[in-house]
Amino acid sequence: MEIIRIPRIMQNTSRKYLQKGQSIGFVPTMGALHEGHLSLIRRARAENDIVVVSIFVNPKQFGPAEDFTAYPRDTDNDIAKVRELGIDTLFIPEASLMYPEGFATGISVGMLSGRLCGLFRAGHFMGVATVVTKLLNLVSPTRSYFGQKDFQQTVVISRMVKDLNMNVEIVVCPTVREIDGLAMSSRNRYLTLEERTGATVLYRTMTLVSAALHTGTAVAAGLKEMLQSELKREPLITAIDYASLYSPETLEELQELDGKEVLIAIAVRLGRTRLIDNLLVNLS
Ligand code: PAF
């Protein structure tokens, strides 16, 4: 496994893979790798000749009051994990090389970035879209793999790739959950033991609402009410940023349940940690 830290060298390496006719599967990450990331890497390994993983805690997707400095960094363990999965290249760029003096570009993906998390994390999706564009330009993957856990991120990136004619297939992979349903996330490391137990309310509540959706008699407003009141029963939840039913395509809140697919999406604060989760429910 080769470790590359210089963007230009990453670009040259990818060019060589492509010249040999090899397909490249790419998994961009911010490190602190957990089973969710590893499932993306395994899928990339199964579907491509070459697998590239990046680790870069992207400063541009964190707001000034967010957890950029505290974000877990665990590079030595991450290197051991990806080595074991037999990847070909690990790209760990320096921030100063990704965003050199004078860097001035930001990719804005319209309304999709302004909904859900966008209402609470100004500039977040511009930061994500910008770094993903840079990474895709450096790695030139055939396919790039993202987890459904960050549903809005997958919608924003898929839109951007389509709008900008980027030559890559975006593959969205299922959320990997702990045995009690909590979605795997690097931020779960912030939770105290008590908060970790309280965090199970997210999946439990979504499952309840999903079951109600399947009865076919529920109305959107009633389900939103059910979602919010169940979450409020957990005393460690200090704020609900959003919790409702949305269109998986436009991310608009649903007033009527007339579509085939419904996205249940939640963002809450549990102590000092912000947790998000979602469930895509197929009604057909
Ligand atoms: O999902 C993440 O870890 C990040 O948002 C990504 C896609 C690696 C961009 O920094």
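A brief structural summary. (Residues numbered from 1 in each chain as written. Predicted model: local features only at pLDDT ≥ 70, side-chain atom pairs only at ≥ 80, totals over all residues. Heavy atoms only, no water.)

### Some words on the overall build of the protein chain
Keep this limit in mind: Numbering goes from the N terminus for both helices and strands, where a helix is a DSSP run of H or I of at least four residues and a strand is a run of E of at least two. Every radius of gyration here is taken over C-alpha atoms, with the globule rule written as 2.2 Å times N^0.38, N being the number of residues. Categorising residues by exposure relies on relative accessible area from a 1.4 Å probe, with only protein chains included: less than 20% of the type maximum marks a residue as buried, more than 50% marks it as exposed, and the intermediate range marks it as partly exposed. Contacts are assigned to residue pairs with any non-hydrogen atoms lying within 4.5 Å of each other. What sets the accessible areas is the Shrake-Rupley method with a 1.4 Å probe; for residues, cover comes only from the shown protein chains. When charges are tallied, Lys and Arg are placed among the positive residues and Asp and Glu among the negative ones, while His and the ends of the chain are skipped. Here the site of a charge means NZ on Lys, CZ on Arg, CG on Asp, or CD on Glu.
Looking only at helices and strands, the protein chain has 9 helices and 9 strands in total. For 284 residues, the compact-globule estimate of 2.2 N^0.38 gives 19 Å, and the C-alpha radius of gyration of the protein chain, at 19 Å, lies within 12% of that figure. Judged by the C-alpha coordinates and their principal axes, the protein chain covers about 55 × 40 × 40 Å. For the protein chain, the proportion of its 284 residues judged to be buried stands at 52%. Of all intrachain contacts in the protein chain linking residues separated by at least 6 positions in sequence, the fraction that spans at least 24 positions is 72%. Entry remark: accessible area of the protein chain is about 13600 Å², with carbon and sulfur atoms responsible for 51%. Of the side chains in the protein chain, 31 bear a positive and 31 a negative charge, and the two mean positions are spaced by 5 Å.

### Concerning the nonpolar core
The condition is simple: Joining through side-chain atoms within 4.5 Å is the link that ties buried Ala, Val, Leu, Ile, Met, Phe, Trp, Tyr and Cys residues into a set, and such a set is a nonpolar core.
Within the largest apolar cluster, 42 residues are counted, with the highest numbers of intra-cluster contacts made by Val132 and Tyr242. Taken together, the elements giving at least two residues each to this core come down to helix H1 (7–19), strand E2 (24–29), strand E3 (50–55), helix H5 (124–139), helix H6 (151–163), strand E7 (237–246) and strand E8 (261–270). Looking at this core element by element, the count peaks at 9 residues for H5. For Tyr242, the contacting residues outside a window of four places in its chain are Leu116, Cys117, Phe120, Ala265, Ile266, Ala267, Arg274 and Ile276. In terms of nonpolar packing, the next biggest core, distinct from the first, is built from 24 residues, Met206, Leu231, Ile264 and Val281 among them.

### So, the state of the cysteines
Formally: Defined by distance alone, a disulfide is two cysteine sulfur atoms within 2.5 Å.
In this structure the tally under the stated criterion is 0 disulfides. Not engaged in a disulfide, the cysteine Cys117 finds its nearest cysteine sulfur in Cys173; these two sulfurs lie 20 Å apart. You can call Cys117 buried: its relative accessible area is 5%.

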